[in-house]
Amino acid sequence: MQTAPNEPAPDPAPMKPAHLGAVVSVRGSVVDINFDTHLPPIYSLLHAKDGKVAIEVLAQLDAHCVRGIALTPTEGLARGNSVEDTGGQLKAPVGKGILSRMFDVFGNAIDRQPAPADVQWRTVHRAPPPLTQRSTKSEIFETGIKVIDVLVPIERGGKAGLFGGAGVGKTVLLTEMIHNMIEHQKGVSIFCGIGERCREGEELYRDMKAAGVLPNMVMIFGQMNEPPGSRFRVGHAALTMAEYFRDDEHRDVLLLVDNIFRFIQAGMEVSGLLGQMPSRLGYQPTMGTELSGLEERIANTDTGAITSIQAVYVPADDLTDPAAVHTFSHLSTSIVLSRKRASQGLFPAIDLLQSSSKMATPGIVGERHYLLAQEIRRTIAQYEDLKDIISMLGLEQLAPEDRNVVARARRLERFLTQPFFATEQFSGIKGKLVSLKDSLDGCERILRDEFKDYPESALYMIGAIDEAKGKVKAGKPEDKAKPEDKAGPKPPGDSSSKAKPEPQSKPATEKEAAHAAVGPHES
């Protein structure tokens, strides 16, 4: 009986040197390793310093040397250290055991609980589903956020991007969507944090636990303090988990990514470390391929769908930046956030004219919805064109029809604001979830001038349109004098807005209403 356990022992001993290499050089996160007999293939995972340092092979320099990027810090790694080829690629855990858990890029649990049992391990490098298996039907995914459902509807099984610079509300909007959709979402939700703050991950975990939706959610993080190699692969690990639920369990998956720009940025750092010649604005020459490799795996099949909502940081608010341009091409819905609207207190600060959705066609959303959305865009666009005239000559100089357009546009802008559940503790206003029917009815009634005698502030930060009537009844008696002013001298913001001291004492509603149509835009 002793020969049986002893028999396998001699086998690994001669094989081990074939799978061992030695470090040739270490430059930051880039490590060159020499293998005498066995050259590991691309994407192989190597371990050094007893598994403390993980390295992924990204290039074969010659017959004996490979170049890899470290997925962990390389402190203490020195020339001559032995490196072991694990014989496989980076793997992620999949299975029902990962639900309600939080992981890092290696599949280690980071929620202070024991490692999940009953899981399989699959490589993070997988091919997208072939075209023959993809679904072609289009459905709308309701979010409960008025401006999104009316003007930029999201596709079920599609990809939506939230574009914006720093501090305009991408993460808040993403968190609100999680809150609104996760309760109605029949399938699994996966949150992937790429290069964002640890604080946001901890807050999200706490909020999801309090909301009772954690049992159908998985979170995976590669935070901004981790090496670029780790941030570069965490998106692939999240997709491997999502593909398991879609293909094996035939469930719909809601994949939330914050932030896809950090994935591109990590690729740029890796590319620079590997010595590749940078492309335009310092981006890696392989950016398009790397982004496509990630985005094309987010797809609908006949068995299930992955609906993805991605936050996309826009450097310096420049939508012509190569990172934003490449991301635009993969999305079915592009939601652009505007710093100008955020400064006016119009939240969610979505730019109504720059945002677009491929779902906004009569064949998908219906004739009434489509015509109403076009009318809203036309009214807002006319208002934008009139702002210069108003700033120079005043609202009184406009033709009566143009004055009506301005009044409708300003009321529409305020009606399309919405109090969020995610910001209740800061604003003190209870969050509202608004159905698509109520959103369309409200916009239609504003365009029919049903609320022309109501003050603009009555439409600000409400849910359904009928709440405006309750707001006016609850307001002061002198508020009734405001409707006549609204269509008149208030928007220029010169005499009437300055004559009123209330904006200082009242919350964002009055402050925002006191903003002239062009006040914030004048230099």
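Owing to the predicted nature of the structure, the values given are computational and were not obtained by experimental measurement. Counting restarts for each chain: residues are numbered from 1 in the order of the written sequence. The predicted nature of this model means local features are confined to residues of pLDDT at least 70 and side-chain atom pairs, given and counted, to a pLDDT of 80 or more, with totals for whole chains, interfaces and linings taken over all residues. Each side-chain value is worked out from all heavy atoms of the structure, with water and hydrogens disregarded.

Engineer: Would you mind showing me how to read the sheet that holds strand β1 (residues 20-27) here?
Structural biologist: The strands making up a sheet associate through backbone hydrogen bonding, with each pair oriented either parallel or antiparallel. Two strands pair under a simple rule: DSSP has to find at least two bridges between them. Numbering goes from the N terminus for both helices and strands, where a helix is a DSSP run of H or I of at least four residues and a strand is a run of E of at least two. If you walk around this closed barrel you meet the 6 strands as β1-β2-β5-β4-β3-β6, and the pairing is antiparallel. The mean angle between the axes of side-by-side strands here comes to 45°, regardless of whether they run parallel or antiparallel. Sheet topology places strand β2 (residues 30-34) next to strand β5 (residues 65-70); 5 bridges connect them, and they run antiparallel. In the sheet register, I33 faces β5, and the bridge partner there is V66. Only C-alpha atoms enter the line fits that serve as axes; for helices the fit covers just the stretch in contact. Angles between N-to-C directions range over 0 to 180 degrees.

Engineer: Quick question: what am I supposed to make of the nonpolar core here?
Structural biologist: Nonpolar side chains tend toward joint burial in soluble globular proteins. Take the buried residues of types Ala, Val, Leu, Ile, Met, Phe, Trp, Tyr and Cys, join any two whose side-chain atoms come within 4.5 Å, and each joined set is a nonpolar core. Categorising residues by exposure relies on relative accessible area from a 1.4 Å probe, with only protein chains included: less than 20% of the type maximum marks a residue as buried, more than 50% marks it as exposed, and the intermediate range marks it as partly exposed. I148, M177, M219 and I309 are the most contacted members of the largest nonpolar core, which has 62 residues in total. When residues of this core are assigned to their parent elements, the largest contribution, 7 residues, is made by helix α12 (residues 367-393). By definition, residues are in contact when any of their heavy atoms lie within 4.5 Å. Residues within four places of M219 in sequence aside, it is in contact with R101, M102, F103, F191, L204, Y205, M208 and L214. Counting 48 residues, the second-largest nonpolar core is a separate cluster that includes L45, F106, F245 and I298.

Engineer: Explanation requested: the pattern of salt bridges in the structure shown.
Structural biologist: Should the charged atoms of two oppositely charged side chains come close, the side chains can pair. When a carboxyl oxygen of Asp or Glu is within 4 Å of a side-chain nitrogen of Lys or Arg, the pair counts as a salt bridge. What the rule picks out here adds up to 35 salt bridges. D449 is paired through a salt bridge with R408; the nearest N and O atoms lie 2.8 Å apart. Taken together, the residues span a long stretch of sequence, with D449 in the loop between α15 (436-447) and α16 (467-474) and R408 in helix α13 (residues 400-415) at a distance of 41 residues. A residue is classified by how much of its surface remains accessible, and D449, at 25% relative accessible area, is partly exposed. The partner of E456 in a salt bridge is R414, and the shortest N-O contact between them spans 3.3 Å. Here R414 lies in helix α13 and E456 lies in the loop between α15 and α16, a separation of 42 residues in the sequence. With relative accessibility at 2%, the residue R414 sits in the buried group. Through salt bridges that share partners, R368, K437, D441, E444, R445, R448, E450 and D466 make up one connected network.

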